[in-house]
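Listed here are the chains, written in short residue letters.
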Amino acid sequence: MRARGAGLALLDLDGDLAHRQAAALGPEAVARGWAADVRDLDSLRSAADAVAHFGRLDVVVAGAGVGSMAPLETLDPEVWERVVDIDLSGVWRTFRAGLPHVKRHRGYLLAVSSMAAFVHSPLNGPYVAAKAGVWALCDATRLELRHEGVGVGSAHPTFFKTPMMDDVHADPAGTTLWGGNRAGLWKTVPLGKVVDAVVTGIERRSPMIVVPRRIAPAARTPGLVRPLVDRIGFRGTTVPDAIARASETGWITRR
């Protein structure tokens, strides 16, 4: 993104890491790091003030994610809460914090979901539930914002090298489940391939990014009816009219 002329605001729990990564990309005029926690909306709102540094905010990418490896029967309840809070609620908070800025310039929101949104592996209950939720959240938000000219997309890569995948490969259950992701259906794809697809998706304001293309049928089949529902089920000004009548807090109450 930097090579293509973007100014980059990098957010991470580790503010020093974000600063170092930004410094490697150039001076603060083109890249700067901030500390932020996707579990804290106020933290993200402060980080979204990076717009004051760059002058505007056109694209928001919600990419924070963690995993787990245990069946429902033994999974620590705190693990469920943590994974869903970061992987799903963290996307909601990131979008919520960035939207006022992105909306001014009819920009684009992108959430990093996963192939796990469509292919639901065992021992991964909170992760696959969260990633499926991210896909659904992006679809719902796209409808809410299309009359504002804001694009919303979700990225669905299969396995690729991340610190989280390093942990999976070090876990006996993960190795047993996916065979180290060395071959077959679960084979890891190169990180560069995922990055290229995401950058292209941002440039095109794609509603869905799938990596690699060979898994596209599995990703797109569940959504075949979505365009029809979008056009037929929510015609004209139905969505903005409903937004205008919605409660500010989201609680559903009788009137």
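Residues numbered from 1 in each chain as written. Predicted model: local features only at pLDDT ≥ 70, side-chain atom pairs only at ≥ 80, totals over all residues. Heavy atoms only, no water.

Draft legend 1. Main features of the overall build of the protein chain. Helix and strand content of the protein chain: 11 helices and six strands. Across its three principal directions, the C-alpha atoms of the protein chain cover 50 × 50 × 35 Å. Counting across all 255 residues of the protein chain, residues that qualify as buried make up 41%. Within the protein chain, contacts between residues at least 6 apart in sequence are counted, and of these 65% link residues at least 24 apart. For the protein chain, the computed accessible surface area is about 14600 Å², with 57% contributed by carbon and sulfur atoms. (Helix = DSSP H or I, 4+ residues; strand = E, 2+ residues; numbered from the N terminus. Buried < 20%, exposed > 50% of the residue type's maximum accessible area, 1.4 Å probe, protein only. Contact = heavy atoms within 4.5 Å. Areas by Shrake-Rupley, 256 points an atom, 1.4 Å probe, with all protein chains shown as cover.)

Draft legend 2. Representation of the sheet that holds strand E5 (residues 151-157). The sheet built from four strands is open, its strands ordered E3-E4-E5-E6 with parallel pairing. The open sheet has two free edges, formed respectively by strand E3 (59-62) and strand E6 (208-211), since each of these has just one partner strand. Across the sheet, the axes of successive neighbouring strands diverge by a mean angle of 15 degrees, strand direction being ignored. Strand direction decides the pairing type here: E3 and strand E4 (residues 108-112), joined by four bridges, are parallel. Paired with Ala62 across the bridge in E4 is Ala111. Together, E4, E5 and E6 form the strand contacts of helix H5 (residues 125-145), whose direction differs from that of E5 by roughly 160 degrees. (Pairing = 2+ DSSP bridges. Axes fitted to C-alpha atoms, helices over the stretch in contact; angles between N-to-C directions.)

Draft legend 3. Representation of the packing of aromatic side chains in the model. Per the stated rule, a full pass over the model turns up four aromatic pairs. Considering the side-chain rings of Phe118 and Trp135, the 4.6 Å spacing of their centres and the 75 degrees angle between planes classify their relative orientation as edge-to-face. Here Phe118 is found in the loop between E4 and H5, whereas its partner Trp135 is found in helix H5, with 17 residues between them in sequence. Of the two residues, Phe118 and Trp135, both sit in the buried class. Each residue in the set Phe159, Trp178 and Trp186 is aromatic and connected to the rest through ring pairs, giving one cluster. (Phe/Tyr/Trp six-rings, centres within 6.5 Å; stacked < 30°, edge-to-face > 60°.)

Draft legend 4. Structural view of the pattern of salt bridges. Using the criterion set out here, one finds eight salt bridges in the structure. The salt bridge involving Glu148 is made with Lys103; its shortest N-O contact spans 3.6 Å. Taken together, the positions of Glu148 in the loop between H5 and E5 and Lys103 in helix H4 (residues 77-104) put the pair 45 residues apart, joining distant regions of the chain. With a relative accessible area of 27%, Glu148 lands in the partly exposed category. A salt bridge links Lys161 to Asp166, with the nearest nitrogen and oxygen atoms 2.9 Å apart. (Salt bridge = Lys/Arg side-chain N within 4 Å of Asp/Glu carboxyl O.)

Draft legend 5. Spatial organisation of the nonpolar core. Core analysis: the biggest nonpolar cluster contains 14 residues, and Phe95 and Leu109 have the highest contact counts within it. Of all the secondary-structure elements, those providing two or more residues to this core are E3, H4, E4 and H5. If we ignore the near neighbours within four places in the chain, the residues touching Leu109 are Val60, Phe95, Leu99, Val102, Leu145, Val150, Gly151, Val152 and Gly153. Counting 13 residues, the second-largest nonpolar core is a separate cluster that includes Leu44, Ala47, Val83 and Ala97. (Core = buried A, V, L, I, M, F, W, Y, C linked by side-chain atoms within 4.5 Å.)

Draft legend 6. Just helix H8 (residues 191-204), in detail. Between its first and last C-alpha atoms H8 spans 20 Å; for 14 residues at 1.5 Å apiece the expected length is 20 Å, and the two agree. For H8, the complete set of buried residues consists of Val194, Val198, Val199, Gly201 and Ile202. End-on, the buried residues of H8 take up no more than an arc of 160 degrees, which puts them together on one face. Taken together, the buried residues of H8 touch E3, E4, E5 and E6. (Expected span 1.5 Å × (residues − 1). Arc of directions from axis to C-beta.)

Draft legend 7. Quick peek at the packing of H4 against H5. Running from N to C, H4 and H5 point in directions that differ by 20 degrees, and their axes come no closer than 8 Å. When the axes of H4 and H5 are compared, the pair comes out roughly parallel. Considering only the axes of H4 and H5, their crossing is right-handed. Here Trp80, Val83, Val84, Asp87, Leu88, Val91, Trp92, Phe95 and Leu99 of H4 lie close against H5, whose contacting residues are Gly125, Pro126, Tyr127, Ala129, Ala130, Lys131, Gly133, Val134, Leu137, Cys138 and Leu145. (Parallel < 35°, antiparallel > 145°, perpendicular 65-115°, else oblique. Left-handed = near helix turned anticlockwise from the far one by under 90°.)

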